[in-house]
Amino acid sequence: MNRREFVHGMSLFGTSVLITGCGGGGSSDPVSTPTPVPPAPVPVPDPDPVRVFDLAIQKANYRLRNQMTTGLVSLSADAPPPVLITNQGEKTQFNVQNGSEDHTAMHWHGIRLPNQMDGVPYLTQLPIAQNETFKYEFTPPDAGTYWYHPHCLTMSQMAQGLTGALIIKEKVDPGFDDDHVVNLKDFMLDENDQLDTPYTLRNASRGGTLGNYMTANWEQAPRYECSAGGLARIRILNTDTTRIHEIHLTNTNLKIIAWDGHPVEEEIPVPSAENPLVLGPGQRADIVVLVSVVEEDIFDIIAKGNQGPQVMASFVAAGVSLNRQLDEVTPLPPNPISQPDPDNAEFLDFLFGWSPVGLEPDNGFCGTLGSNFWSINRVAWPGDNASANEALATLEQNKTYIMRLQNGSPNTHPIHLHGLIFKPIYSNMRHIPANWTDTIVLQRDEIVEVILVADNVGDWAFHCHVIEHQKTGLAGFITIA
Ligand code: C2O
Ligand code: CU
Ligand code: CU
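Residues numbered from 1 in each chain as written. Chains lettered and ligands numbered in written order. Predicted model: local features only at pLDDT ≥ 70, side-chain atom pairs only at ≥ 80, totals over all residues. Heavy atoms only, no water.

Looking at this model, I keep getting lost on the overall build of the protein chain. Mind explaining?
When you go through the protein chain residue by residue, the secondary structure sums to three helices and 30 strands. Put simply, the protein chain has 481 residues, and 57% of those count as buried. Considering only residue pairs separated by 6 or more positions, the protein chain has 74% of its internal contacts joining residues 24 or more positions apart. Within the structure as shown, the protein chain displays about 19,200 Å² of accessible surface, and the carbon and sulfur contribution to it stands at 51%. (Helix = DSSP H or I, 4+ residues; strand = E, 2+ residues; numbered from the N terminus. Buried < 20%, exposed > 50% of the residue type's maximum accessible area, 1.4 Å probe, protein only. Contact = heavy atoms within 4.5 Å. Areas by Shrake-Rupley, 256 points an atom, 1.4 Å probe, with all protein chains shown as cover.)

Below, the structure is given as C-alpha cells:
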C-alpha cells in the first residue's frame, strides 16, 4: 500500500479538493511521531506506484439556499463532491464505496480508459450495491478537465448533486497563476429549500426540465480570488442534467485554451452577451483570463438564467499586479490522439428522434422514468439492465469512421460518446470549430459529421446527456472489436 494524504477543503481550486500522495516516497501518514524523531528510513522506490482515492458515496446535507437541504448525495456528509486531481500518465485508483441504500456505478466522463473501468451498469460492470466497493483503476492518457458522475440511477443521483470535477494535470505545469473550477449545476428546490422532483414526463418528452436554483460548486454566485495582473485558468464544467448553458465573461481579455478536456486546435471566439459560449450538459471549457491589474476589480461569469442573465461566479483581483500578458499564453501540449485517415473512412449513420412504439423500459436497480419517448436509429434503450439492446454499430479497431449524427427532433441534444474522442468536420447549419470532444450539441434539425479513430476496444455507451432523454430511450452503445 502506498502512502496516502487526505487534504479536504483546500481552496486551491475554489472548492474542496481531494489530493492523494503517490507511491515512491517514504511514508508520511499523519500519525503522531514521538520525539526525538528517529532517522528516516531509506525510501524504497515503489515498482508500480499508484495514486489512490477512497471515495465514499453518502447522503449529505448542505445549505444551498437559505435553509439546510437534506437528502443530497456527495462524497462527504457536508460538502459538495470534491475536485479530484491526478496526473497525466499516472496510474490512479478510485475505490468507490457505496454508502447509500441505492445501487450506483461511477463514470469518468471524457477519460479514455479501459472499457471495464467506464462505470456503465450491465454494459461494463454490475451496479455497486449498498456497502460494496468497486475499484476503478486507469492511467489517464490525456491531460485536461474531466468529471465524474453516477451512471446508475443517473437522474436521481445527479439531481441530488453527485457531479464532480476530475482534473488531469499536464506533465509540465503550463504556468498559470491561478486555477479555479466552476462546476455549473442546477437544483430543483421547493419553498422549504428541500429537493423537489427534478423532472416531469411532459418535459422529458420535450427539452427536459430546468432546475430552479442555479449554482456553481453548489453555491450561488461564489466569489474567488485571482492574482491581480495574473493569468487565471478557469475550468468551467456544465454538469447539469438538462441545461444547455450560454455563458460569457465580463472580462474579455481571455483565450479559450481547451475544449472538453483537449487543447484547442481551432480557435474558439471570445464569448460575449450576443455570442455566448454554448456549453451543453457534460461539456467543459478551460479559459485563461488576464486578470485586472487593479486590486479589488471583479469579473463575472454570466449565464442565461431562467429569468434573464445570472452571475454564476465572480473573481476578484488580489495582491500586487503580476503584470502578465495574454500573449504569454502558449498552446497546451497536445494529448496523444490517433490522427484519422479521412480518405479511408467508413460512414455510420445515427438518427436521434422519437421512439417508434410506446415501449416501456424495464425497472431494474438503476431506475427508469417509466416511459420511453426517444430512440437512436428508431430503437429505444430498454433501461439499464441485463436485457440490453444490441450494439448500434460494430467498428473495427484502429479504423477511421465518420459518424453522421442527425437530429430528427425539434429539441437540442448534447450527444456523448464514452471512451473515445471525435472531431466535428461538417454541419448543415453552422461552422463548428474543429476541436476534439466527447460531447457535441445537436441543434434542432441539425446534421453534424464527426470523425474518429476507433482506437479503444470495448462497448462504449453513446447517449444524449440531457439525462431525461437518456433515461427515456435516447441511449445505446457502439462496439469496437
Ligand atoms: Cu457523462 Cu454516459 O456520461
Ligand atoms: Cu461519459
Ligand atoms: Cu437529448
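Explanation requested: the coordination of the copper ion (ligand 3) in the structure shown.
Around the copper ion (ligand 3), the protein contributes the donor atoms H413 (ND1), C464 (SG) and H469 (ND1), at 2.0 to 2.1 Å from the metal centre. Sequence spacing of the donors to the copper ion (ligand 3): H-x50-C-x4-H. On the criterion of sequence distance, the pair formed by H413 in strand β25 (residues 413-417) and H469 in helix α3 (residues 467-470) is long-range, its members being 56 residues apart. Note on accessibility: H413 and H469 belong to one class, buried. (Donors = N, O, S within 2.8 Å, 3.2 Å for Na, K, Ca; no water.)

Got a minute to help me understand the nonpolar core in this structure?
Most often, soluble globular proteins keep nonpolar side chains buried together rather than apart. Ranked by size, the top nonpolar core spans 55 residues in total, and within it F94, W108 and F350 carry the most contacts. If we skip the residues at most four places from it in the chain, F350 touches I376, N377, L392, A393, M403, R404, L405, Q406, F462 and I478. In this structure, V182, Y224, A228 and W259 belong to the second largest nonpolar core, which totals 30 residues. (Core = buried A, V, L, I, M, F, W, Y, C linked by side-chain atoms within 4.5 Å.)

I would appreciate a short explanation of the coordination of the copper ion (ligand 2) in the present structure.
The textbook angles at a metal center are 109.5 degrees for a tetrahedron of four donors and 90 or 180 degrees for an octahedron of six. Looking at the copper ion (ligand 2), one finds its protein donor set to be H107 (NE2) and H416 (NE2), positioned 1.9 Å from the metal centre. Placement of the pair is H107 in strand β6 (residues 106-109) and H416 in strand β25, with a sequence separation of 309 residues. Judged by relative accessible area, H416 falls into the buried class, the value being 1%.

Got a minute to help me understand the environment of D54 in this structure?
By secondary structure assignment, the location of D54 is in strand β2 (residues 51-62). Remark: the alpha-carbon pair of D54 and F94, spanning 40 residues in sequence, is separated by 6.0 Å. Within polar-contact distance, the side chain of D54 engages the side chain of N95 at 2.9 Å. (Polar contact = N/O pair within 3.5 Å; in protein donor to acceptor, adjacent residues only side chain to side chain.)

Is there a simple way to explain unusual backbone geometry in this structure?
Generally, phi is negative for residues other than glycine and the peptide bonds are trans, each holding for most cases. Although it is not a glycine, Y122 sits at a positive phi angle of roughly 70 degrees. Even without being glycine, N131 reaches a positive phi, approximately 70 degrees. With respect to the secondary-structure elements, N131 resides in the loop between β6 and β7 (133-138).

Teacher, can you tell me more about the sheet that holds strand β12 (residues 223-227) here?
Two pairing modes exist for strands in a sheet, parallel and antiparallel, and in both the strands are linked by backbone hydrogen bonds. Taking strand neighbours across the sheet as the criterion, the five strands line up as β12-β20-β19-β14-β17 in an open arrangement whose pairing is mixed. Since the sheet does not close on itself, it has two edges, and those belong to β12 and β17 (277-279), each with one partner. Adjacent strand axes in the sheet meet at a mean angle of 30 degrees when their direction is disregarded. Both β12 and strand β20 (residues 308-318) contribute to a ladder of five bridges, which runs parallel. Bridged to C226 within β20 is A317. (Pairing = 2+ DSSP bridges. Axes fitted to C-alpha atoms, helices over the stretch in contact; angles between N-to-C directions.)

I tried to follow the sheet that holds strand β29 (residues 458-464) on my own but got confused; where do I start?
What the five strands build is an open sheet, ordered β23-β30-β29-β25-β27; its pairing is mixed. The open sheet is flanked by β23 (393-395) and β27 (439-442), the only strands paired with a single partner. Between one strand axis and the next, the sheet turns through 20 degrees on average, direction left out of account. Strand direction decides the pairing type here: β25 and β27, joined by four bridges, are antiparallel.

I'm lost on the pattern of salt bridges in this one. Help?
For side chains bearing opposite charge, pairing can occur when the charged atoms are close. Inspection of every chain in the model, using the stated rule, returns 23 salt bridges. With a closest N to O distance of 2.9 Å, E90 and R51 form a salt bridge. Here the residue E90 occupies a position in the loop between β4 (83-87) and β5 (92-98), and R51 occupies one in strand β2, the gap between them amounting to 39 residues. Across the pair, R51 and E90 agree in class, each one buried. The shortest N-O distance in the salt bridge between D260 and R284 comes to 3.7 Å. (Salt bridge = Lys/Arg side-chain N within 4 Å of Asp/Glu carboxyl O.)

Would you mind showing me how to read the side chain of D384 here?
Turning to its location among the elements, D384 is positioned in the loop between β22 (374-376) and β23. Residue classification places D384 among the buried positions, given a relative accessible area of 9%. There is a polar contact of 2.9 Å between the side chain of D384 and the side chain of K471. Ignoring anything within four residues of it in the chain, the contact list for D384 reads P121, Y122, H151, C366 and K471.

What's the story with the state of the cysteines in this structure? I'm lost.
One covalent bond between the sulfur atoms of two cysteine residues makes up a disulfide. According to the stated counting rule, one finds one disulfide in the structure shown. Covalent S-S linkage joins C152 and C366, the inter-sulfur distance amounting to 2.1 Å. Across the disulfide from C152 to C366, rotation about the S-S bond amounts to roughly -95 degrees, and the bridge is consequently left-handed. One end of the pair, C152, is in the loop between β8 (144-150) and α1 (154-159); the other, C366, is in the loop between β21 (346-354) and β22, with 214 residues separating them in the sequence. Judged by its relative accessible area of 0%, C366 falls in the buried class. (Disulfide = S-S within 2.5 Å.)

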